[in-house]
2 protein chains.
Amino acid sequence: MSIDGNEPDRTPKWQRRPEQRRREILDAARSAFGCFGYQRATLSEVAERAGVCSGTVSHYFGSKSELFEALIADQFIGFVEREEAAVASFTGPMRDLLHVILRDIWEHAWTPGRLELMQVLLVEADEFPAAGQLFCRQLGHRWRGIFGRILETGMANGEFKALDPNVASRVVLYSLLGTAQKMAVVGKFDPEMPDRDLVLQGLTDMIDCYVAAPTPAIAQRAAATHETSKRRKVST
Amino acid sequence: MSIDGNEPDRTPKWQRRPEQRRREILDAARSAFGCFGYQRATLSEVAERAGVCSGTVSHYFGSKSELFEALIADQFIGFVEREEAAVASFTGPMRDLLHVILRDIWEHAWTPGRLELMQVLLVEADEFPAAGQLFCRQLGHRWRGIFGRILETGMANGEFKALDPNVASRVVLYSLLGTAQKMAVVGKFDPEMPDRDLVLQGLTDMIDCYVAAPTPAIAQRAAATHETSKRRKVST
């Protein structure tokens, strides 16, 4: 069975086209790197999961580090490109667009093997500097671009409050992905873990409140509360 | 130099008391497990970092898995106990208490070696089920208790809106810790990473807005926006 839970391909392996073989190796690599981490995963482990020999993996992708970089590109670059296109063509309230993007990222993160792969990137980033830099510079920059554009458009049209896009875009993105990662791990041991959709709804509500422009009433109340809390001593 | 950046202890090692030796081994273990992960860290690596022989580590803590469980207890259980006591003795607005707890968790997470240790827990949880369950059941339950108590008290006194504490406490805690973890890794490669305090301020603002009780004006506006967005088709 493929790791996405799809039906296995019944075509004999020798008849499959190179593009399909490439796809199978990348899916196997996502599973192997996600399961064992970068250091401990081997090309032969990837080959076994893809049902090919190690030489075929090397033929398509070269070394382990080259395969890993191709995997990162495959898993994350195409997605950010599609989201950039969605943002560029969108007309409507920025709040609606923000909701679409948050849900897309959430669903993308929950694809089997992908959160595990992101965790490998978190823990082993020091050990593959080239891929780490690729991940950070290209993806981080592009995701901040997407959120920055949404935030700035929303600020300009009066939907959103004034926020530093470099801070706000990270707070939003890191909260979303960080929550998915914690849920995935803690959920293995925690029978009270709420449904994924309920948590996304909570995150979306939280982010909504964070970016929404205040009404005058709320702004006055917030200022008053701020003054009160400055005068009060916190008793811990 | 110790990993906390403190001055090294100049007392000869043989003169130090067992409690101090125990402390040194735990600090060395935090560093070794954080650096290599659970699988690859060894008792002799821990011993070397603590400046003792492997037998001494075993004498104090037993096996690698026992040392790891002692480390988790040392790093996280004492902290949650102190926060529980702070919550129990607090009198004042729940919003102020929430800010104190958020800042305490943030500072605690940024102690050298601790975010790395949390990442090891995330990635290798399957490989140490006993410690993973300890972490999840005890800590998760207690942290949800802390946030649940703050949220429920704030809902009862009218400061906070009606939220499901099981969802809201996770959204808040996972966003906070997930953001710290992402920042720590991405910050290594990203010269535009904002200051830690600015990000905490953004997170606190976001969480504030999420839990605050709406004014009647905002509630009407939110309901109207919700209706508008349900009627609108999102064009992606």
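Just so it is clear, the model here is predicted, and its values are computed rather than measured. Along each chain, residues carry numbers from 1 onward, in the same order as the chain's sequence is written. Following the order in which they are written, the chains are lettered starting with A and the ligands numbered starting with 1. Restriction of local features to residues with pLDDT of at least 70 applies here, the model being predicted, together with a cutoff of 80 or more for giving and counting side-chain atom pairs; totals for whole chains, interfaces and linings are based on all residues. Excluding hydrogens and water, the side-chain values take into account all heavy atoms of the structure.

**Observations concerning the overall build of chain A**
The number of helices and strands found in chain A is ten helices and zero strands. Every one of the 236 residues in chain A was classed for burial, and the buried ones make up 48%. Here the analysis covers contacts within chain A between residues at least 6 apart in sequence; of these, 73% occur between residues at least 24 apart. Here the Shrake-Rupley method, with its probe set to 1.4 Å, supplies the accessible areas, and only the displayed protein chains count as covering residues. For chain A, the accessible surface area stands at approximately 10,900 Å², while carbon and sulfur atoms represent 53% of it. The helix count covers DSSP runs of H or I at least four residues long, the strand count covers runs of E at least two residues long, and both are numbered beginning at the N terminus. Accessible area is worked out with a 1.4 Å probe on protein chains only. A residue is then buried under 20% of its type maximum, exposed over 50%, and partly exposed in between. Between two residues, a contact is recorded if the distance between any of their heavy atoms is within 4.5 Å.

**Re the nonpolar core**
Formed by 133 residues in total, the largest nonpolar core has its most connected members in Leu67 and Trp143 of chain A together with Leu67 and Trp143 of chain B. Sequence-distant contacts of Trp143 of chain B, that is, excluding residues within four places in its chain, are made with Phe79, Val80, Glu83, Ile101, Ile105 and Leu173 of chain B. In this description, a nonpolar core means a group of buried Ala, Val, Leu, Ile, Met, Phe, Trp, Tyr and Cys residues linked to one another through side-chain atoms lying within 4.5 Å.

**Considering the confidence of the model for chain A**
Residue and element names in this part refer to chain A. How sure the predictor is of each residue is captured by pLDDT, a score from 0 to 100. Of the residues in chain A, 78% have a pLDDT of 70 or more, and the chain-wide mean is 83. Summarising per-element confidence for chain A, the mean pLDDT is lowest in helix 10 (residues 216–231) (49) and highest in helix 9 (residues 196–211) (97). Contacts of residues 1–6 to residues separated by more than four positions or lying in other chains number eight contacts, the stretch itself having pLDDT below 50.

**Here's the deal with helix 5 (residues 94–109) of chain B**
The end-to-end C-alpha distance of helix 5 of chain B is 22 Å, a good match for the 22 Å that 16 residues give at a rise of 1.5 Å each. All of the buried residues along helix 5 of chain B are Met94, Arg95, Asp96, Leu97, Leu98, Val100, Ile101, Leu102, Ile105, Trp106, His108 and Ala109 of chain B. A helix is expected to span 1.5 Å multiplied by its residue count minus one.

**What to know about the packing of helix 9 of chain A against helix 9 (residues 196–211) of chain B**
Running from N to C, helix 9 of chain A and helix 9 of chain B point in directions that differ by 105°, and their axes come no closer than 8 Å. The angle between helix 9 of chain A and helix 9 of chain B places the two elements in the roughly perpendicular class. Across the interface between the two elements, Gly202, Asp205, Met206, Ile207, Cys209 and Tyr210 of chain A from helix 9 of chain A touch Gly202, Asp205, Met206, Ile207, Cys209 and Tyr210 of chain B from helix 9 of chain B. Its residues assigned to classes, the contact of helix 9 of chain A with helix 9 of chain B comprises eight nonpolar, two polar and two charged. In this analysis, axes come from line fits to C-alpha atoms, helices being fitted only over the stretch in contact, and the angle between any two N-to-C directions falls in the range 0 to 180 degrees. In what follows, roughly perpendicular refers to angles from 65 to 115 degrees, roughly parallel to angles under 35, roughly antiparallel to angles over 145, and oblique to any angle outside these ranges. Ten residues, namely Ala, Val, Leu, Ile, Met, Phe, Trp, Tyr, Cys and Pro, are considered nonpolar, four, namely Asp, Glu, Lys and Arg, are considered charged, and the remaining ones, Gly among them, are considered polar.

**Re the packing of aromatic side chains**
Planes of paired rings set the category: under 30 degrees apart is stacked, over 60 is edge-to-face and the rest tilted, where pairs are Phe, Tyr or Trp rings (Trp by its six-membered ring) whose centres lie within 6.5 Å. The final tally for this structure, using the stated rule, is 14 aromatic pairs over all chains. Each ring, one from Tyr60 of chain A and one from Phe61 of chain A, has its centre 6.5 Å from the other, and the planes form 35°; the classification is tilted. We classify Tyr60 of chain A as partly exposed; its relative accessible area is 26%. Ring centres 5.5 Å apart and planes at 50° place the aromatic pair Phe79 of chain B and Trp143 of chain B in the tilted group. Taken together, the residues span a long stretch of sequence, with Phe79 of chain B in helix 4 (residues 64–89) and Trp143 of chain B in helix 7 (residues 129–156) at a distance of 64 residues. When its relative accessible area of 9% is taken as the criterion, Trp143 of chain B is described as buried. Taken together, the aromatic side chains of Phe33, Tyr38 and Phe68 of chain A make up a single cluster linked through ring pairs. Geometrically, a lysine NZ or arginine CZ counts as sitting over a ring once it is within 6 Å of the ring centre and also within 35 degrees of the ring normal. A cation over a ring is seen here: Lys64 of chain A above Tyr38 of chain A, with NZ or CZ 4.9 Å from the ring centre. Residue placement shows Arg196 of chain A over the ring face of Trp110 of chain A; its charged tip is 4.1 Å from the ring centre.

**A closer look at the side chain of Ser31 of chain A**
Residues and elements named next belong to chain A. On the secondary structure map, Ser31 appears in helix 1 (residues 18–40). Among the residues examined, Ser31 registers a relative accessible area of 16% and is labelled buried. Here a polar contact is taken to be a pair of N or O atoms separated by no more than 3.5 Å, where protein atoms must pair a possible hydrogen donor with a possible acceptor and residues adjacent in sequence count only if both atoms sit in side chains. Engagement of the side chain of Ser31 in a polar contact is seen with the side chain of Arg49, the distance being 2.4 Å.

**Some remarks on the pattern of salt bridges**
Salt bridge, as used here: a side-chain nitrogen of Lys or Arg that lies within 4 Å of a carboxyl oxygen of Asp or Glu. As enumerated under the stated definition, the model contains 22 salt bridges over all chains in all. The salt bridge partner of Arg144 of chain A is Glu192 of chain B, with a shortest N-O separation of 4.0 Å. On the criterion of chain membership, the pair formed by Arg144 of chain A in helix 7 (residues 129–156) and Glu192 of chain B in the loop between helix 8 (165–186) and helix 9 is interchain, its members lying in two chains. For Arg144 of chain A, a relative accessible area of 13% puts it in the buried group. With a relative accessible area of 44%, Glu192 of chain B lands in the partly exposed category. Put simply, Arg142 of chain B and Glu84 of chain B hold a salt bridge, and the shortest N to O gap is 2.8 Å. Here Arg142 of chain B, found in helix 7, pairs with Glu84 of chain B, found in helix 4; they are 58 residues apart in sequence, far enough to count as distant. The class for Arg142 of chain B is partly exposed, based on a relative accessible area of 22%. In this structure Glu84 of chain B comes out as partly exposed when scored by relative accessible area, which is 25%.

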